[in-house]
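Each chain, letter by letter, is given below.
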Amino acid sequence: MSATPPAAALELRGIVKKYPGTPPVHALAGVDLRIEDGELAAIVGPSGSGKSTMLHVMGTLDRPTEGTVLVDGRDLSRMGDRRLSAVRSQLIGFVFQQFFLIDGMSALDNVGNGLLYSGTKPRQRRQRAAQALIRVGLGERLSHFPNQLSGGERQRVAIARAVVHRPAIVLADEPTGNLDSRSSESIMELIHELNAEGTTIVVITHDHDVAAGLPRQISVRDGRIEHDSLSHLSRRASLPEISHSGAVK
Amino acid sequence: MRPTDGRVQKSRLRIGDVLGVGSTGLRTRKMRTALSALGVTIGIAAMVGVLGLSESSRADLSNKIEALGTNLLTVSPGGGFGGGDGVLPEDAVAKIRRIGPVDEVADVVELDVSVLRNDYVNENRTGGLTVVAADLGLLGTLNGEVDEGVWLNSASASYTNVVLGSESANRLGIESVDAGMQVFIGGEWFTVVGILDPFPLAADLDRSVLIGMDVATALFDSELNPSIVYLRTPSESLDAVRGVLAATVDPAEPDEVSVSRPSDVLEAEEAADSAFTSLFLGLGAVALLVGGIGIANVMVIAVIERRNEIGLRRALGATRAHIRRQFLTEALLLSTLGGLAGVGLGATVTAVYASTQEWEVVIPPEAAVGGFVAAVAIGAIAGLYPAMRAARLAPTEALRAA
Ligand SMILES: Nc1ncnc2c1ncn2[C@@H]1O[C@H](COP(=O)(O)OP(=O)(O)O)[C@@H](O)[C@H]1O
Ligand SMILES: [Mg+2]
């Protein structure tokens, strides 16, 4: 067998996303992007630039109008809704700005929900959820309900839920958007730690300070990648005369 | 670690977890759960209660019919034009006895005297009680029972002895026969030797006091024209006997003789009862329908309110089918709770009401099971549309901040 290069955690090829309307909105207008296993990357851009749309397409929550998405080397374009659900249940973890914890459930059960749709047995769910909660520093809050937790703690529960099933990639949409600056800092610290332990993470943010703290920044404007700190560096090294290099901050 | 080969395993929700997932919404909103299940509870309770009560009263009626027998006929004067003197011919009993299939015949003769507790009570005060001379076979013919003391026999019937109908005993204030109680009948003292149980369908006798034929003629100089004749005949010849009775008793004026079958009255009551039952069953069905609409309504609201939860679950890997199952389970749990409560409530109402009526308590198992099944079916129907709506919601749409 010929040696194939290891699959990227995530790859977007020629992604276009149009929303119908007059005129139609080109939320994504041709995006190519490769996130390697173990990376920690920021997608940064102003409001309305297409970041959330990109995250939805990456996370199989929405289909692109054109282009191919590969998660862990698997082409999503031919998969039906059930297969896509299966991909999310095993390969992807989500963190949202609004946390989206279920009110009537303890922190432990909320995290256990991350294993619910892979058919994991309740006992094992509780065990692994407890481990994940201990990992994010909430070992003392297992049976607390969301309304008994601070914003920062709620986001930690959500992060534990996103990693409890050991996904190929974690997608975080404005994870610090609803938090004060101290909680934000500690959440970003946690994200760094999880990445250091091997989790691939993409953080979407409109906050340039948050983005600047991460190893790779991909800036988006009007549905296009305007700048990628990684390709900028690598292309400067190998392809000095690259044409679209502009707009460096 | 996760497998690196091409296959991703299907999303899967364990059966036990479907219940857990379907009940979270109910557990966190207990008040709303109770209120929205209430409609179904009332509907089912109404249906179970109505069926239970009608079965219980039917059981009571058929006990009565059985006690009375459907082969009892009565012959009494009147019925035709002209009124007449309100008595049957003196030889009526003898004539009836001559009709082949007739088994038992007994008559009573109403006497024109009154009964008093003692000799200084004004006669008008104990009005409403009748004094009758009874054939000794009366108790047997009517399947009557003695509550206290004894029934008249050929010896005691010749003397001033009296047996009280149940209602008469009440009105005269006589509860036992031990003390040699006496009552004052037509100016003579009579000793109370027995008190009867109520007759299933001869309330007139319950309100009378009964003395022997001989003592009646001796003391009150009565003519013995029967006021009413009771007779029994085998069921198969009942119609034939009924057809010839009037002409046999009074060949000259058969129209002046009225023949009836007391059990017909009870059977008519039973039929009326079932018409009533259908009406209430209909009302119960309407309540159940309204309950179902209530559940559908509450589920539609839940789907709108919990849009974000639906989006989150889709993001966690739930398929459309899993979401549909969750909300369908929720609706089914709601209606099942409502149904169980309704069956319990309906059974309790039946038991309590039937006991106050001294009926045998009958809760038909078909009603209980049927009510429960109806509740579950209502839940399934009511939950279907909201569950489909929840499942059709696109994940990105569902995740959008409210
Ligand atoms: N469901 C939709 N229908 C129509 N237009 C949409 C829809 N979702 C997003 N858009 C549009 O697409 C563009 C990108 O939106 P979004 O990806 O949410 O941006 P960001 O997350 O960077 O703020 C915006 O102009 C937005 O109005
Ligand atoms: Mg956004």
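Presented here is an overview of the structure given in this document. (Residues numbered from 1 in each chain as written. Chains lettered and ligands numbered in written order. Predicted model: local features only at pLDDT ≥ 70, side-chain atom pairs only at ≥ 80, totals over all residues. Heavy atoms only, no water.)

1. Examining the overall build of chain B
Turning to step 1, where the next piece is worked out: Check the secondary structure of chain B and you find 13 helices and eleven strands.
Turning to step 2, where the next piece is worked out: Taking 21 Å as the expected radius of gyration for a compact globule of 402 residues, we find that chain B reaches 35 Å, considerably beyond that expectation.
Turning to step 3, where the next piece is worked out: By its C-alpha atoms, chain B is 115 × 50 × 40 Å across when sized along the principal axes.
Turning to step 4, where the next piece is worked out: When each of the 402 residues of chain B is scored for burial, the buried share is 46%.
Turning to step 5, where the next piece is worked out: The contacts of chain B with a sequence gap of at least 6 include a subset with a gap of at least 24, amounting to 82%.
Turning to step 6, where the next piece is worked out: Total accessible area on chain B is roughly 19,100 Å²; 57% of this is exposed by carbon and sulfur atoms. (Helix = DSSP H or I, 4+ residues; strand = E, 2+ residues; numbered from the N terminus. Rg over C-alpha atoms; globule rule 2.2 N^0.38 Å. Buried < 20%, exposed > 50% of the residue type's maximum accessible area, 1.4 Å probe, protein only. Contact = heavy atoms within 4.5 Å. Areas by Shrake-Rupley, 256 points an atom, 1.4 Å probe, with all protein chains shown as cover.)

2. With respect to the interface of chain B and chain A
One widely used convention gives an interface's size as the accessible area the parts lose upon coming together.
Turning to step 1, where the next piece is worked out: At the interface, 35 residues of chain B touch 36 residues of chain A.
Turning to step 2, where the next piece is worked out: The junction of chain B with chain A conceals about 3,100 Å² of combined surface from both sides, 57% of it contributed by carbon and sulfur atoms.
Turning to step 3, where the next piece is worked out: Seen at the junction of chain B and chain A, the total is three salt bridges.
Turning to step 4, where the next piece is worked out: A salt bridge links B:R314 to A:D81; its shortest N-O distance comes to 2.8 Å.
Turning to step 5, where the next piece is worked out: Where chain B packs against chain A, one counts twelve residue pairs in polar contact (both at pLDDT 80 or more).
Turning to step 6, where the next piece is worked out: Elements with a minimum of two residues in the side of chain B that touches chain A: α1 (15–28), α10 (307–315), α11 (320–356) and α13 (395–399) of chain B.
Turning to step 7, where the next piece is worked out: Sort the elements by how many residues they give to the side of chain B that touches chain A and α10(B) lands first, with six residues.
Turning to step 8, where the next piece is worked out: Each residue belonging to the side of chain B that touches chain A can be placed in one class, and the counts come to twelve nonpolar, twelve polar and eleven charged. (Buried area = accessible area lost by both parts, 1.4 Å probe. Salt bridge = Lys/Arg side-chain N within 4 Å of Asp/Glu carboxyl O. Polar contact = N/O pair within 3.5 Å; in protein donor to acceptor, adjacent residues only side chain to side chain. Nonpolar A, V, L, I, M, F, W, Y, C, P; charged D, E, K, R; others polar.)

3. Quick look at the sheet that holds strand β9 (residues 216–221) of chain A
All names here are of chain A.
Turning to step 1, where the next piece is worked out: Taken in spatial order, the six strands line up as β6-β7-β8-β3-β9-β10 in an open sheet, and their pairing is mixed. With one partner strand each, in any of the chains shown, β6 (92–96) and β10 (224–228) form the two edges of the open sheet. Adjacent strand axes in the sheet meet at a mean angle of 20 degrees, parallel and antiparallel pairs treated alike.
Turning to step 2, where the next piece is worked out: Sheet strands in contact with helix α1 (residues 51–58) are β3 (40–44), β6, β7 (169–173), β8 (201–205) and β9, and its direction is about 155 degrees off that of β7. (Pairing = 2+ DSSP bridges. Axes fitted to C-alpha atoms, helices over the stretch in contact; angles between N-to-C directions.)

4. Focus on the sheet that holds strand β5 (residues 74–75) of chain A
Residues and elements named next belong to chain A.
Turning to step 1, where the next piece is worked out: If you walk across this open sheet you meet the four strands as β2-β1-β4-β5, and the pairing is antiparallel. Each having just a single partner strand, β2 (25–35) and β5 make up the two edges of the open sheet.
Turning to step 2, where the next piece is worked out: Note: strand β1 (residues 10–19) against β2, eight bridges, orientation antiparallel. Residue pairing in the sheet places K18 in a bridge with H26 of β2.
Turning to step 3, where the next piece is worked out: Contacts from α1 reach β1, β2 and β4 (66–71), with the element oriented near 55 degrees to β2.

5. Some thoughts on a nonpolar patch on the surface
Residue and element names in this part refer to chain B.
Turning to step 1, where the next piece is worked out: Residues M31, L35, L38 and I42 make up a contiguous nonpolar surface patch of roughly 410 Å² in combined accessible area.
Turning to step 2, where the next piece is worked out: Tracing the backbone shows L38 in helix α2 (residues 30–68).
Turning to step 3, where the next piece is worked out: Taking the relative accessible area as the measure of exposure, L38 reaches 41% and is therefore partly exposed. (Patch = residues over 30% accessible without salt bridge, like charges linked within 9 Å, V, L, I, M, F, W, Y side chains within 5 Å.)

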